[in-house]
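# Structural features, examined
Residues per chain, in single letters:
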Amino acid sequence: MRAARHAPAPAPPRAPSARPAVPAPATGRIAVIGHRGAPYDHRENTLASLRAALEAGADAVEIDVRLTADRVPVLLHDPTLERLWGHDRRLSSLTYAQVEEATAGGVPTLRAALALTAEYPSARALIDLPDPAAAQAAVSEVHDSGATDRAYYCGGGLSMLAVRAADPAAELALSWCRTAPPRPELLARVRPRWLNYHFGLVTEDLVERAHDGGYLFAAWTTDTPRAARRLKRAGVDAVTTNRVPAVRAAL
């Protein structure tokens with residue numbers, strides 16, 4: 001995958017002055033995050049995909065969480081089952097029992113995914129919320145599963161505001177894919193620990209300014225060693241990828 005050609009992104013605003021600077025990871029090691037697990041080896045957002053990424057050395061797995069009709073948080077990126085499971089039905093119209101039947105149990109619950117990551121003591125779950133309506137249920141499941149110290153959240157502004165309202169102490173990564181930086185007002189309300197940029201926008205200057213502002217910096221989603229090395233030179237703290245072994249080796 002080649003980096004998209006974008007105009008250089010303006011530097012993000014500094015974090016509010018009352019917010020302490022965030023230290024870089026103590027090890028200095030760039031974290032590698034398996035994007036929906038290992039989707040080139042297994043169907044994305046399945047337990048097999050997550051396990052494959054963790055076995056390949058991922059520090060975390062990024063999982064997409066949505067709600068069924070009976071408000072069970074499950075792993076699915078799309079609003080329907082069509083692309084992955086061949087059923088043109090909206091997840092929000094199906095109970096979890098119906099989803100299990102339609103996919104032969106292939107769509108895991110968030111609870112099951114958190115239980116799997118718990119088998120890997122140093123692993124974390126990065127919970128992506130494409131639908132802000134799933135935030136409260138996802139946060140509740142994380143707390144009920146005793147996973148608050150090994151789960152964090154990413155997504156756009158609306159989703160991150162919903163998580164922040166549900167859990168004032170949650171660790172957040174504000175995802176961004178625009179050349180214009182996040183507004184200071186949004187940053188002040190979300191209070192992210194991470195800025196999570198599309199990898200095609202990343203420059204050394206952008207990362208430096210983010211660090212100076214008190215943020216950790218993550219980049220998504222890149223699969224080539226060449227792009228991974230460029231991100232390393234830029235000074236990022238984490239890289240999300242569909243190809244954990246190749247990117248880990250490049251870093």
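For the structure, see preceding data.
Residues numbered from 1 in each chain as written. Predicted model: local features only at pLDDT ≥ 70, side-chain atom pairs only at ≥ 80, totals over all residues. Heavy atoms only, no water.

## As for helix α8 (residues 204-212)
- Taken residue by residue, α8 has Leu206, Val207 and Ala210 as its buried positions. In a view along the axis of α8, the buried residues occupy a sector of 95°, so they form one face of it.
- On the buried face of α8, the contacting elements are β9 (194-198), β10 (216-220) and α9 (225-234).
- Just beyond α8, the residue with positive phi is Gly214, at close to 100°. (Buried < 20%, exposed > 50% of the residue type's maximum accessible area, 1.4 Å probe, protein only. Helix = DSSP H or I, 4+ residues; strand = E, 2+ residues; numbered from the N terminus. Arc of directions from axis to C-beta. Contact = heavy atoms within 4.5 Å.)

## A closer look at the pattern of salt bridges
- What the rule picks out here adds up to 11 salt bridges.
- Notably, a salt bridge pairs Glu171 with Arg124, separated by 2.7 Å at the nearest N-O pair. Of this pair, Glu171 sits in the loop between α6 (157-166) and β8 (172-176) while Arg124 sits in strand β6 (residues 124-128), and the two are 47 residues apart along the sequence.
- Residue classification places Glu171 among the buried positions, given a relative accessible area of 17%.
- Bridged by salt links that share partners, the residues Arg36, Glu44, Asp64, Asp78 and Arg83 form one connected network. (Salt bridge = Lys/Arg side-chain N within 4 Å of Asp/Glu carboxyl O.)

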